[in-house]
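The residues making up each chain are set out below.
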Amino acid sequence: MHADGVPEPLLASPDPLDAGITSGVLARRLGLSPTTLRSWCQRYDLGPARHEQGRHRRWSPHDVALVEDMCRLTASGVPPSEAARAAKARATTLNQHTGPGPGAVPASPAGPQPADAQTVGAASADPPTSAARPQWRGLARAALRLQSDVLEEQLNSFIQEHGVIAAWEELMMPTLHAVGRKWESAGDRYVEVEHFLSWHVSTALRSARLLLDTTKTRRGGPPVLLACVPGEQHTLPIEAVHAALLQCGQPVRMLGAALPSEALIAAVRRTGPASVMLWSQTRSLANTPLAVHLTRMAWGAAGARQQAALLLAGPGWRGITVEGAAQPQGLREAVNLLAPGTPRPSR
């Protein structure tokens, strides 16, 4: 028995009709459901080029490459019907040069694409609002299929084209919400998809400084401190703030998840920050005594005491009022409060 579950004699058979893999193996390999694969076969004629009545469909390398191209296009935001036309047109064009057969494969998506594939789901010519919707749908498909290369390419290219704030608000958050809703509606399924997507979003945010070439835009002055309340493990929102502040040139220090109160207080004393942002995802973890203490902290020589502005961010702080603390609604407002007067990047 082969690792893919196909009997060895069938894989080794010289009969060309027995060459290739079954639909079930192909679906598992590409991260598709068998229903989706059958639907593509029926609607867009993407089934095996050769099929003998009464025998299982066998997908040749050429057939597999065609479906792989279809997957890449839909993951980039192209609607399935247009993706099917583009994939088949690309395969036909290539086959005119290489000839049909098991060695013919569609061109890589990194190369030139047909006009319809470039205009649908491409972020280069449209404003972020119109560009993001097909892209986040494509990103969700890639996450469900666990396609690392597609996720990385889509996230990085959107950040480069539109910047961190637009990427977070119009691409990352909608995709995370879509995957989260699918997970909630499917019981314990798709947990791996949410973890997979979150890791790639985090990686893209941490790479944003290099993607946007902001290494030369840093300016002096006291930093901003970003931290989660004690016990809080959700860091993606403050990672987005961190990346957006770096893009603005604002000095910032990330202290990460579940920071003990004593450690945050020590960091405030050590760095003398301009602002502190404290993130809480859940109400039960929102630490009001810590927030009150931070609003009263001061340092410096007598007569020239300094204090940090405090921002309480995240749904955990809803309904909680701490005198002297601001509660921004969203990434854009948080950046405006944490880096006031800083010129916004033009991208």
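Residues numbered from 1 in each chain as written. Predicted model: local features only at pLDDT ≥ 70, side-chain atom pairs only at ≥ 80, totals over all residues. Heavy atoms only, no water.

Caption draft 1: Representation of unusual backbone geometry. Phi is positive for L146, close to 55 degrees, though the residue is something other than glycine. The residue A258 is not glycine, and still its phi comes out positive at about 45 degrees. Mapped onto the fold, A258 is located in the loop between β2 (252-254) and α12 (261-271). Judged by its relative accessible area of 25%, A258 falls in the partly exposed class. (Helix = DSSP H or I, 4+ residues; strand = E, 2+ residues; numbered from the N terminus. Buried < 20%, exposed > 50% of the residue type's maximum accessible area, 1.4 Å probe, protein only.)

Caption draft 2: Focus on the pattern of salt bridges. Tallied over the entire structure, the rule returns two salt bridges. Notably, a salt bridge pairs R206 with E239, separated by 3.5 Å at the nearest N-O pair. Taken together, the positions of R206 in helix α10 (residues 191-211) and E239 in helix α11 (residues 236-248) put the pair 33 residues apart, joining distant regions of the chain. Overall, R206 belongs to the exposed group, its relative accessible area being 63%. Judged by its relative accessible area of 7%, E239 falls in the buried class. (Salt bridge = Lys/Arg side-chain N within 4 Å of Asp/Glu carboxyl O.)

Caption draft 3: Layout of the sheet that holds strand β5 (residues 325-326). Strand order in the open sheet formed by five strands is β2-β1-β3-β4-β5, and the pairing between neighbours is parallel. Looking at strand neighbours, the two that pair on one side only are β2 and β5, the edges of this open sheet. Of the strands in this sheet, β3 (275-279), β4 (309-313) and β5 touch helix α13 (residues 288-296), which is tilted by about 160 degrees from β4. (Pairing = 2+ DSSP bridges. Contact = heavy atoms within 4.5 Å. Axes fitted to C-alpha atoms, helices over the stretch in contact; angles between N-to-C directions.)

Caption draft 4: Region of interest: the packing of helix α8 (residues 148-162) against α10. Between α8 and α10, whose axes approach to 9 Å, the crossing angle comes to 40 degrees. On the basis of the axis angle, α8 is oblique to α10. In the packing of α8 onto α10, the handedness of the crossing is right-handed. Each of S148, L151, E152, L155, N156, I159 and Q160 in α8 lies in contact with α10, whose residues at this interface are F196, L197, H200, V201, A204, A208 and L211. Class assignment for the residues of the contact of α8 with α10 results in nine nonpolar, four polar and one charged. (Parallel < 35°, antiparallel > 145°, perpendicular 65-115°, else oblique. Left-handed = near helix turned anticlockwise from the far one by under 90°. Nonpolar A, V, L, I, M, F, W, Y, C, P; charged D, E, K, R; others polar.)

Caption draft 5: Up close: the pairing of strand β1 (residues 224-228). Within β1, five of the five residues are buried, leaving the element largely enclosed by the surrounding structure. Side chains V224, L226 and C228 of β1 all project onto a buried face; the interleaved residues L225 and A227 project onto the opposite face, where all are buried too. By the bridge criterion, three bridges tie β1 to β2 in an arrangement that is parallel. Within β2, the position partnered with L226 by the bridge is M254. As for the winding sense of the linkage, the β-α-β connection from β1 through α11 to β2 is right-handed. Sheet topology places β1 next to β3; five bridges connect them, and they run parallel. Looking at β3, one finds that L225 is bridged to V276. (Right-handed = clockwise from strand over helix to strand, strands pointing away.)

Don't take any of this as a statement about function, it's just geometry.
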